[in-house]
Amino acid sequence: MNYKTLVCGLSTHVPGLYDRLVKFRNSSTGGASKSARYCYSVWLRHLVMAKENNLIEHPPEVVAEIGPGDTLGVGLAALLSGGKKYYALDVVPHASSSGNLTVLNDLVKLFHDREPIPNDIEWPRVFPKLKSYEFPESILNDDIVNAALKPERIAAIKNALTYPDRVSSDIEIKYFVPWINPDIICSDSVDLVLSQAVMEHIDNLNDAYAAVYRWLRTGGVMSMEIDFSNHVMADKWNEHWMYSDYVWDAIVWGKRPYPLNRQPHSIHISMCKKNNLKLVSDICQYNHTGISRNSIHKDFGWLSDEDLLIQNAFIQCIKAP
Ligand SMILES: C[S@@+](CC[C@H](N)C(=O)[O-])C[C@H]1O[C@@H](n2cnc3c(N)ncnc32)[C@H](O)[C@@H]1O
């Protein structure tokens, strides 16, 4: 373990220090969803991939997002693509009304201008990569975008953001924090459940994948980006598999909110299968610069050779009849 990892983990035990660090980096999640361009890029990547995999023909009407982070921007982008209902589920209330409204205004302009999808030069760490970063007119044609951006619709989205309990149009936004019981969303009601850099944090993965299955309507799509890297200051991206549970929990991760579950790619794939989510696409990004098998802790001896190399995965599944 290098000294930065040790100091950072231990610092979380000092009251107030971690909060100051969070303020310093201007994000409480370490994600980037305060940026409208990031949210636009993430949303359109999920949408384009779903279309490319023949999972959707039109933009989805009902979208649920697990772990939206600092704002609800990804879901707002879904509403600006013609969506009607957006459910956001998190464990910490990171998103604020003012942050959401700022991102919404910026997103409206991006859609209005049919801005190309912000690419790898702007967001080098965002996964999945696309073949083309042109505005995806094949799924978001002028009729759809013009209808979605009508002033009365933008006003309805603002209204739903500001007064989530007043239903005054067909637009609905719900922010569930914390979410524990999957009953908060009706069964068989959601067209698309997505997440970006979240599933690596979820403690009980089986319950989460079971909830996704339950929420999706038949033919509905699950679209998840999972970042398997260690998220803490460390020399190697997969160094988290070097530590016992005790050292990881007490020293390295410390008291940061929502831990890293350290589950590799193969576990997510088997959880999808176990929960009847039919795998349609599994795109992996390999990184050969991490620790090798002889450095991993004996508790992780079961990791496959592939698990040890997969740093990111983008998984799309369908709820088959
Ligand atoms: C690295 S941030 C990613 C945020 C955002 N998706 C992005 O791309 O910037 C991880 C997010 O997952 C959320 N999270 C962690 N555990 C969760 C859980 N069990 N259910 C829902 N969200 C969770 C965190 O609160 C945080 O918002």
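Thresholds, definitions, all that
- Residues numbered from 1 in each chain as written.
- Predicted model: local features only at pLDDT ≥ 70, side-chain atom pairs only at ≥ 80, totals over all residues.
- Near = placed C-beta within 6 Å.
- Nonpolar A, V, L, I, M, F, W, Y, C, P; charged D, E, K, R; others polar.
- Axes fitted to C-alpha atoms, helices over the stretch in contact; angles between N-to-C directions.
- Helix = DSSP H or I, 4+ residues; strand = E, 2+ residues; numbered from the N terminus.
- Parallel < 35°, antiparallel > 145°, perpendicular 65-115°, else oblique.
- Left-handed = near helix turned anticlockwise from the far one by under 90°.
- Contact = placed C-beta atoms within 7 Å.
- Buried ≥ 20, exposed ≤ 12 C-beta atoms within 10 Å, placed from the backbone.
- Expected span 1.5 Å × (residues − 1).
- Arc of directions from axis to C-beta.

### A closer look at the site of the ligand
The ligand sits among 20 residues. The nearest are Gly31, Gly67, Gly69, His201 and Tyr258. Across the shell around the ligand, the residue classes tally to 10 nonpolar, nine polar and one charged.

### What about the packing of helix H3 (residues 36-52) against helix H5 (residues 97-112)?
At their nearest, the axes of H3 and H5 sit 9 Å apart, and the two run at 60 degrees to each other. Between H3 and H5, the interaxial angle falls into the category oblique. Note that H3 runs across H5; the crossing there is right-handed. Two secondary-structure elements touch here, H3 through Ala36, Cys39 and Tyr40 and H5 through Val103, Asp106, Leu107 and Leu110. Each residue belonging to the contact of H3 with H5 can be placed in one class, and the counts come to six nonpolar, no polar and one charged.

### A few points about helix H8 (residues 205-215)
Here H8 has its buried residues at Ala208, Tyr209, Ala211, Val212, Tyr213 and Trp215. Where H8 is buried, its residues touch strand E1 (62-66), strand E4 (190-196), strand E5 (216-227), helix H10 (265-274), strand E6 (277-286) and strand E7 (310-319).

### Digging into H5
Its 16 residues give H5 an end-to-end C-alpha distance of 22 Å, which sits within 8% of 22 Å, the value for a rise of 1.5 Å per residue. Those residues of H5 not exposed but buried are Asn100, Val103, Leu104, Leu107 and Leu110. Projected onto a plane normal to the axis of H5, the buried residues spread over an arc of 125 degrees and lie on a single side. In H5, the exposed residues that point more than 90 degrees away from the buried face are Ser98, Lys109 and His112. Among the structural elements, H3, helix H4 (73-79) and helix H7 (151-162) are those in contact with the buried residues of H5.

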